[in-house]
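Read off the chains here:
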Amino acid sequence: SKKETKSPLPFTVVALHDIVNKQRLNFAVTDVLGRYYLLAKNGSYALKLKYIDMTGGSYEKEGVANVEKGIFKKDFEV
């Protein structure tokens, strides 16, 4: 099992998808400090996160993203 460290995950893909047809609408890659932001129309989206570490291990997470004021910027714990 992986221990939660609450450390930032650099170079993680954060993607917003249409909830109905699953088409990717927008994405961002986190910087070296795990920071990112996405511009999108207000509404709900399917959210997908994908991180691959230097040893080839990977982590994926899915959920729902709610965009308000045209920006999505949320902290995630893995």
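An account of the accompanying structure is given in this report.

### Considering the overall build of the chain
- In terms of helices and strands, the chain carries zero helices and six strands.
- In the chain, the succession of helices and strands from N to C terminus is β-β-β-β-β-β.
- Sorting the 78 residues of the chain into buried and exposed places 23% on the buried side.
- Of all intrachain contacts in the chain linking residues separated by at least 6 positions in sequence, the fraction that spans at least 24 positions is 45%.

### Brief notes about the side chain of His17
- Along the chain, His17 falls in strand β1 (residues 13-17).
- Within the structure, His17 has its side chain in polar contact with the backbone nitrogen of Arg24 (distance 3.5 Å).
- In contact with His17, other than residues within four places in its own chain, are Lys22, Gln23, Arg24, Leu25, Tyr45, Ala46 and Lys48.

### A closer look at the packing of aromatic side chains
- In the structure shown here, the tally under the stated rule is one aromatic pair.
- Relative to Phe72, the ring of Tyr36 lies with its centre 6.5 Å away and its plane at 50°, an arrangement referred to as tilted. One end of the pair, Tyr36, is in the loop between β2 (24-29) and β3 (38-39); the other, Phe72, is in strand β6 (residues 71-72), with 36 residues separating them in the sequence.
- Using a relative accessible area of 9% as the deciding quantity, one classes Tyr36 as buried.
- A relative accessible area of 5% places Phe72 in the buried class.

### A word on the pattern of salt bridges
- Taken as a whole, this structure holds two salt bridges when the rule is applied.
- As a salt-bridge pair, Asp31 and Arg35 come within 2.9 Å of each other at their nearest N and O atoms.
- For the salt bridge of Lys50 with Glu60, the shortest nitrogen-to-oxygen distance reads 3.6 Å. Linking Lys50 in strand β4 (residues 43-52) with Glu60 in strand β5 (residues 58-67), this pair joins segments that are ten residues apart in sequence.

About the thresholds
- Residues numbered from 1 in each chain as written.
- Predicted model: local features only at pLDDT ≥ 70, side-chain atom pairs only at ≥ 80, totals over all residues.
- Heavy atoms only, no water.
- Helix = DSSP H or I, 4+ residues; strand = E, 2+ residues; numbered from the N terminus.
- Buried < 20%, exposed > 50% of the residue type's maximum accessible area, 1.4 Å probe, protein only.
- Contact = heavy atoms within 4.5 Å.
- Polar contact = N/O pair within 3.5 Å; in protein donor to acceptor, adjacent residues only side chain to side chain.
- Phe/Tyr/Trp six-rings, centres within 6.5 Å; stacked < 30°, edge-to-face > 60°.
- Salt bridge = Lys/Arg side-chain N within 4 Å of Asp/Glu carboxyl O.

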